[in-house]
Amino acid sequence: NGLKMLLAMMSKGHNVSEFAPMVVQEVASQDPLGRQLAYVYLNHYADDALDSIVLSVNTFQRSLTDSDPITRALAIKVMSSIRSREVLPAVKDAVQQVAGDASPYVKKAAAFAIIKAAELSEDTSETEEYLPILERFLNDENLITFSGAIAAYWSLCPDNIEFLHPRFRWICQNMSKLDAWAQVFTLRSLTVYARYCFKNPSQDAEVDESHVAFWDESAQKDTMSPDLILLLSSTKKLLMSPNPSVVLAAVTLLFYCG
């Protein structure tokens, strides 16, 4: 009940960071709901309660084996929210531990943990250690896992197009099924990919473009790669998205790749 009151006060804008030392103790609670509420609180006040949370890293690590996937996801989320280089080894071990987790939500949380860890890393060698795990997430068949992986890909290595090669057609076919923010990162990543991998269709076109409708995909089929046509047709569907960021990303891709 106390944790619920704290979260209610947080939602109204009150600063309740002074309760952090007591909330940290609830991370080891036997009540699964109490643990989840504690994780939500600690994720919000990770910077204000840094010392208390760092001392509880071992507790978070034990939670990675919890039977509840929400608890596992929250545990790695709180660990990666600690803005201290001291916990980077623990975050790396946690990401490696959950890389094969059965829950896509846990793997998505691990992908976002990679982004936060990379932001704290001081050299590229530390970031490169996460790339094999990131490639594994990108090859996952679950769209929830992929949505986190593509965000990490855009943050860490947007030019590493080898990661997208084996998944290109699958990505194009499933792009409309992703959540809005995953669509944004996917469109940005595929814009870079297309500029690297496809010839400029306007250079080979023998069609009088002034008389071709924008939506007519048959006009240049002889001169355009079928994969590029697949990308453009998948992108056009997202122009009707209710999210303005998705529309902007789709227009950007069409402008630079069309």
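That block above? That's the structure.
Residues numbered from 1 in each chain as written. Predicted model: local features only at pLDDT ≥ 70, side-chain atom pairs only at ≥ 80, totals over all residues. Heavy atoms only, no water.

1. Brief notes about the pattern of salt bridges
Right, so step 1: Scanning the model with the defined rule gives six salt bridges in all.
Right, so step 2: The salt bridge involving R169 is made with D227; its shortest N-O contact spans 2.8 Å. Separated by 58 residues along the polypeptide, R169 in helix α12 (residues 168-174) and D227 in helix α15 (residues 226-237) bring together distant segments of the chain. (Salt bridge = Lys/Arg side-chain N within 4 Å of Asp/Glu carboxyl O. Helix = DSSP H or I, 4+ residues; strand = E, 2+ residues; numbered from the N terminus.)

2. Here we look at helix α7 (residues 88-98)
Right, so step 1: Of all the positions in α7, only L88, A90, V91, A94, V95 and V98 are classed as buried. Down the axis of α7, the smallest arc covering the buried residues is 155 degrees, so these residues share one side.
Right, so step 2: Packed against the buried residues of α7 are α5 (57-63), α6 (69-81), α8 (104-120), α9 (124-128) and α10 (131-138). (Buried < 20%, exposed > 50% of the residue type's maximum accessible area, 1.4 Å probe, protein only. Arc of directions from axis to C-beta. Contact = heavy atoms within 4.5 Å.)

3. Quick notes on the environment of R167
Right, so step 1: Within the element layout of this structure, R167 appears in the loop between α11 (143-156) and α12.
Right, so step 2: For the pair R167 and L138, spaced 29 residues apart in the sequence, the C-alpha separation amounts to 8.0 Å.
Right, so step 3: What R167 contacts, discounting residues up to four positions off in sequence, is L138, N139, D140 and E141.
Right, so step 4: Here the side chain of R167 touches D140 through a polar contact of 2.8 Å, landing on its backbone oxygen. (Polar contact = N/O pair within 3.5 Å; in protein donor to acceptor, adjacent residues only side chain to side chain.)

4. Examining the packing of aromatic side chains
Right, so step 1: All told, the structure shown has six aromatic pairs when counted by the stated rule.
Right, so step 2: Here the aromatic rings of F255 and Y256 are separated by 5.0 Å at their centres, their planes lie at 90 degrees, and the arrangement is edge-to-face.
Right, so step 3: Among the residues examined, F255 registers a relative accessible area of 64% and is labelled exposed.
Right, so step 4: On the basis of relative accessibility, which here comes to 44%, the residue Y256 falls in the partly exposed class. (Phe/Tyr/Trp six-rings, centres within 6.5 Å; stacked < 30°, edge-to-face > 60°.)

5. Quick word on the packing of helix α13 (residues 180-197) against helix α16 (residues 244-257)
Right, so step 1: The geometry of α13 relative to α16 is characterised by a closest axis approach of 9 Å and an angle of 10 degrees between their N-to-C directions. Between α13 and α16, the crossing angle belongs to the class labelled roughly parallel. For the pair α13 and α16, contact is made by A180, W181, Q183, V184, L187, L190, T191, A194 and R195 and by S245, V246, A249, A250, L253, Y256 and C257, respectively.
Right, so step 2: Split by residue class, the contact of α13 with α16 holds twelve nonpolar, three polar and one charged. (Axes fitted to C-alpha atoms, helices over the stretch in contact; angles between N-to-C directions. Parallel < 35°, antiparallel > 145°, perpendicular 65-115°, else oblique. Nonpolar A, V, L, I, M, F, W, Y, C, P; charged D, E, K, R; others polar.)

6. Looking at the environment of V57
Right, so step 1: Looking at the element boundaries, V57 is found in helix α5.
Right, so step 2: Accessibility expressed as a relative area gives 11% for V57, which makes it buried.
Right, so step 3: Sequence-wise, V57 and K199 are 142 residues apart; in three dimensions their C-alpha atoms are separated by 50 Å.
Right, so step 4: The contacts of V57, once residues within four sequence positions are left out, are M79, I82, V87 and A90.

7. Focus: the side chain of T145
Right, so step 1: In this fold, T145 is placed in helix α11.
Right, so step 2: Non-local contacts of T145, meaning those with residues more than four positions away in its chain, are made with P104, K107, F137 and D140.

8. A short note on the nonpolar core
Right, so step 1: Among the nonpolar cores identified, the biggest contains 87 residues, and Y41, L42, F60, I76, Y153 and L190 are the most heavily contacted of them.
Right, so step 2: When residues of this core are assigned to their parent elements, the largest contribution, ten residues, is made by α8.
Right, so step 3: When residues no more than four places from it in sequence are discounted, the contact partners of Y153 are L134, L138, P158, D159, N160, I161, F163, L164 and S189. (Core = buried A, V, L, I, M, F, W, Y, C linked by side-chain atoms within 4.5 Å.)

9. Side note on the side chain of S241
Right, so step 1: Inspection of the secondary structure assignment puts S241 in the loop between α15 and α16.
Right, so step 2: Engagement of the side chain of S241 in a polar contact is seen with the backbone nitrogen of N243, the distance being 3.1 Å.

10. Concerning α10
Right, so step 1: Buried residues of α10: L131, I133, L134, F137 and L138, and no others. What you see down the axis of α10 is that its buried residues fit within an arc of 155 degrees, all on one side.
Right, so step 2: Against α7, α8, α9 and α11 lie the buried residues of α10.

11. Here we look at the packing of α15 against α16
Right, so step 1: At a minimum axis distance of 9 Å, the contact between α15 and α16 shows a crossing angle of 150 degrees. Between α15 and α16, the interaxial angle falls into the category roughly antiparallel. α16 is crossed by α15, and the crossing has left-handed handedness. Between α15, through L228, L231, L232, T235 and K236, and α16, the contact on the second element is made entirely by A250, L253, L254 and C257.
Right, so step 2: Considered class by class, the residues forming the contact of α15 with α16 number seven nonpolar, one polar and one charged. (Left-handed = near helix turned anticlockwise from the far one by under 90°.)

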